[in-house]
Amino acid sequence: MKNKEVSRIFNEIADFLEIKGVDYKPRAYRKAARNIEALTEDIESIHDRGELQEIGGIGEALAGKISEYLETGELEYYEELREDLPVDIEGLTNIEGIGPKSVKKLHDGLGVETLEDLEEAAEGGEVVEVKGFGEKVQGNILENIERAKRSRERKLLGRISPLVQDIERRLSGKDTFNRINIVGSYRRGKPTVGDVDILATAEDREEAMDEFCGLEDVEEVLVKGETKSSTVLSAGVQVDLRIVDEGSFGSALMYFTGSKDHNVSVRGEVKGRGWKLNEYGLFDSEGEKLAGETENEVYGKLGMSYIPPELRENTGEVEAAEDGSLPDLVEGEDIKGDLQIHTNYSDGSGTVREMAEKAAGKGLEYLSISDHGPSLKVAGGLTEEDFEEQAAEIERVSDEVEIEILHGVEANIVEGGLDVSKEWCERCDLLCAAMHDRPDNSTERILSVLDEYPVDILVHPLGRKILSRDPLKIDLDRITDRAAEEHVAVEINAQPESLDLDWQNVKKYRGKVKYAVSTDAHSRGEMDFMHLGVTQARRGWCEAGNVLNTKKVDKVRSYLNG
DNA sequence: ACCGGAACCGGTGGTTGCCAGAAGGCAAC
C-alpha cells in the first residue's frame, strides 16, 4: 500500500513549489495529498482500475504522476525538484515555526540540509546571521528540534494503521501462516508507534519468512532468520516478524505486547508462587509447563481475568484483574453516532449529503454536523447566514438518508466568550466549543464559556498535536468539575494527530464527566477514524456507559439538556 | 494543477499575528 508514500511525495512537491513562489500548484498538490491519505482503499488498486481521476483533487496531470511513480518506483518531476534543493524538507518544516521559505533561506545562507545541520548552526549562533532570522527564532529552533527529530522516528498510530492492517490481511491470506497477531505498542493502541512487531506461527518457517520478506511493500530487509526477520517498508516503517511455536503463542503474545512495566508487574505475581513466566510459557517450580498456548490460559492460571491489551500499561490493571474489577471496556460496535464532523460549509471536503450517506453506511444512527464558527477564518468559518442555509440543506437531506442529522457548530472560544451569538446557540441541536489559540488565561476562558453558554461538548480540550504541538496548559480539575455540573461532555477526538483528551486524563476523569468519541472528520474517509478514538477510550478504562455516543439519540439529548 | 461552467477559460481560502526591523514576509489554521 503506497498511499502514504504518494501523499508524502505530493506534500514535499508542494513545499518545493512554494519555495519557488509558484501559485496555486502547491495547494493542488496538498489537497491531492490529503485526499490520498484519507483513502481507505489501496491507491494501487484504484490505479489498476484506471480510476485515479475519480479521487477528488486529482486530474490528468496528477494521475499521470501517480501512475509514473507506481509503475517505475520513481517520479522524475519530484527528483528534479529535490536535485534543485537537496534538503530534508519534511523534517525541517516539521519544526514549529519553520516553513518552506525559511528552509530555503537557511539552505542558501548556511548550507543547511538536514535537522542535524540546522541544530549545529543554531547552537553555534549562526542562524541569526541569516536575514529574517533573529534570536527568538534561533531559540525556537533549539527548543523544538529534538521533538522534530523524534517525530521522524515515531509514527502516528492512525497514520500507519491502514498499512499495518493491510500487511496483516495479506499474511493471514497465506496458507503458510497459522496464527498472526500484531503485538507491541500497536496492539496496545498507543498513539505513537516505533516499530511494528508481528507474531506468527507457521508450519514451514523458512517459507513463511520468504513470503514476509517478499511482500511488495517491503523495501529493505535488515535481518532475515528462522525466528525473526526485520524489514523496512516503503513508507519508512520498520516491521519485524517473529515466528514462535504453537504452544508458546499465548505467552509470546503477552511478552511481545508488553508493556514492559505490565509484564514486570505480572511477573511479580508469578514469582510469589515460585513459578516462572517467559515468552515460552508459564512454568511451576518443578519446571512443569502450566500454560502458554493462549493469553487467557496464562492469565487464568495466575488467578486473573483476561487483561485487554489497551490496559497493559501498569496503571492498576494487574490488581484489578486479580480482584475481578476490570472494566467492561467500550467497543467499536457500541458507538451509535458521530457527534462532530465538518462539511464543505467550512474546511471539510464533503457535502452534507455525502457525509450523511457515509455515516449511514457505517451503520450509525445519528450524526452531528458542526462546522467552524465565524471567527476561525483560517478554516472558512460559517456566518449565521451560512448556518441557516446549511439548516435547510440538512432538512432536505434528512428526508432522503436513513440517519438522524443533528445540526451544530464548532464555536471558537475567544476573548469574552464564543464567536457565535446566544440566539445562534439556541438554534443549535448540539453546540461544540473549542480553543484554537493559546492565551495565558485559557482555563478562565473555558470556564466562563461553560458557565455562560449552553455548550454540549468541549472538543479537543487540550489543542494538542501529537509529535508537533504541546497540549494547552489548563486546569483540567476545574474544567471537568464545571463540565460535569453543566452536563457538558468532553471529547475524545479520533484524529490521529489529536486523540485529545489523552487517554491518561480520560482515565483520571472518567468517573466525573461523560466523553464523546468523535471523528472530527473533514472528509468521508476520516469517519473511519472512529476506531482510534474508541481505542483511546479503552486505554482510559472507559465502559460503554462512560461514552455519551453509545446511547440512543434521545438519551444523548436528555443528558445534554439536563 | 484542478474544477466547473461553458465548450476553453477564469477562479482558486483568507486572515491574523509574530518576528524582525521599521514595511513586509512568513507560518499557521
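Note that the structure is a prediction, hence the values are computed from the model and not measured.

Parameters at a glance
- Residues numbered from 1 in each chain as written.
- Chains lettered and ligands numbered in written order.
- Predicted model: local features only at pLDDT ≥ 70, side-chain atom pairs only at ≥ 80, totals over all residues.
- Heavy atoms only, no water.
- Buried < 20%, exposed > 50% of the residue type's maximum accessible area, 1.4 Å probe, protein only.
- Helix = DSSP H or I, 4+ residues; strand = E, 2+ residues; numbered from the N terminus.
- Pairing = 2+ DSSP bridges.
- Phe/Tyr/Trp six-rings, centres within 6.5 Å; stacked < 30°, edge-to-face > 60°.
- UniProt positions renumbered as here; feature names shortened; annotations may be inferred.
- Domains from an automatic or database assignment.
- Contact = heavy atoms within 4.5 Å.
- Salt bridge = Lys/Arg side-chain N within 4 Å of Asp/Glu carboxyl O.
- Nonpolar A, V, L, I, M, F, W, Y, C, P; charged D, E, K, R; others polar.
- Near = heavy atom within 4 Å.
- Polar contact = N/O pair within 3.5 Å; in protein donor to acceptor, adjacent residues only side chain to side chain.

Undergrad: Residue-level account of the pairing of strand S4 (residues 196-202), with values.
TA: Most of S4 sits inside the fold, with 7 of its 7 residues counted as buried. Neither face of S4 is exposed, since Val196, Ile198, Ala200 and Ala202 on one face and Asp197, Leu199 and Thr201 on the opposite face are all buried. As paired strands, S4 and strand S7 (residues 238-243) are joined by 5 bridges and run parallel to one another. Looking at S7, one finds that Asp197 is bridged to Asp240.

Undergrad: Account for the packing of aromatic side chains, naming residues and giving values.
TA: A complete count under the given rule lists 5 aromatic pairs for this structure. Between Phe10 and Tyr29, the aromatic rings sit 5.3 Å apart at their centres with planes inclined by 90°, giving edge-to-face as the arrangement. Of this pair, Phe10 sits in helix H1 (residues 3-19) while Tyr29 is found in helix H2 (residues 25-38), placing the two residues 19 residues apart along the sequence. Like Phe10, the residue Tyr29 is buried in the burial classification. For the pair Tyr29 and Tyr77, a centre-to-centre distance of 6.4 Å together with 20° between the ring planes defines the contact as stacked. Highlighted residues: Tyr29 in helix H2 and Tyr77 in helix H5 (residues 76-84), separated in sequence by 48 residues. For Tyr29, a relative accessible area of 6% corresponds to the buried category.

Undergrad: Describe the UniProt feature "domain: Helix-hairpin-helix DNA-binding motif class" (unreviewed entry) in chain A, listing the residues and the values that go with them.
TA: The sites that UniProt annotates as "domain: Helix-hairpin-helix DNA-binding motif class" (unreviewed entry) are residues 50-69, 90-109 and 125-144. In the segment residues 125-144, helix accounts for 50% and strand for 0%; the C-alpha atoms at its two ends are 16 Å apart.

Undergrad: Let's hear about the UniProt feature "domain: Polymerase/histidinol phosphatase N-terminal" (unreviewed entry) in chain A: which residues, and what values?
TA: The feature "domain: Polymerase/histidinol phosphatase N-terminal" (unreviewed entry), as given by UniProt, occupies residues 337-415 in the numbering adopted here. Across residues 337-415, the secondary structure splits into 34% helix and 29% strand, with the terminal C-alpha atoms separated by 32 Å.

Undergrad: Account for the domain arrangement of chain A, naming residues and giving values.
TA: Domain boundaries assigned for chain A yield domain 1 (3-153), domain 2 (156-243), domain 3 (248-322) and domain 4 (332-561). Inter-centroid distance (C-alpha atoms) of domain 1 to domain 4 is 31 Å. In this assembly, 6 residues from domain 1 lie in contact with 9 residues from domain 4. At the surface where domain 1 touches domain 4, the tally comes to 1 salt bridge. Among the elements of the structure, H2 and helix H9 (135-153) are those that each provide at least two residues to the side of domain 1 that touches domain 4. Residues belonging to the side of domain 1 that touches domain 4 are distributed by class as follows: 1 nonpolar, 2 polar and 3 charged.

Undergrad: Give a detailed account of the protein's contact with DNA strand B, specifying residues and quantitative values.
TA: Within the structure, DNA strand B sits among 32 residues, and Gly57, Gly97, Gly134, Val378 and Arg469 are positioned closest to it. The contact atoms of DNA strand B, taken as those within 4 Å of the protein, divide so that sugar and phosphate hold 67%. At a separation of 3.3 Å, a phosphate oxygen of DNA strand B approaches a polar side-chain atom of Lys25. Leu62 places a polar main-chain atom, nitrogen or oxygen, 2.9 Å from a phosphate oxygen of DNA strand B. Sorting the residues of the surface near DNA strand B by element identifies H2, helix H4 (60-72), helix H7 (100-110) and H9 as the ones contributing at least two each. Grouping the constituent residues of the surface near DNA strand B by class yields 11 nonpolar, 9 polar and 12 charged.

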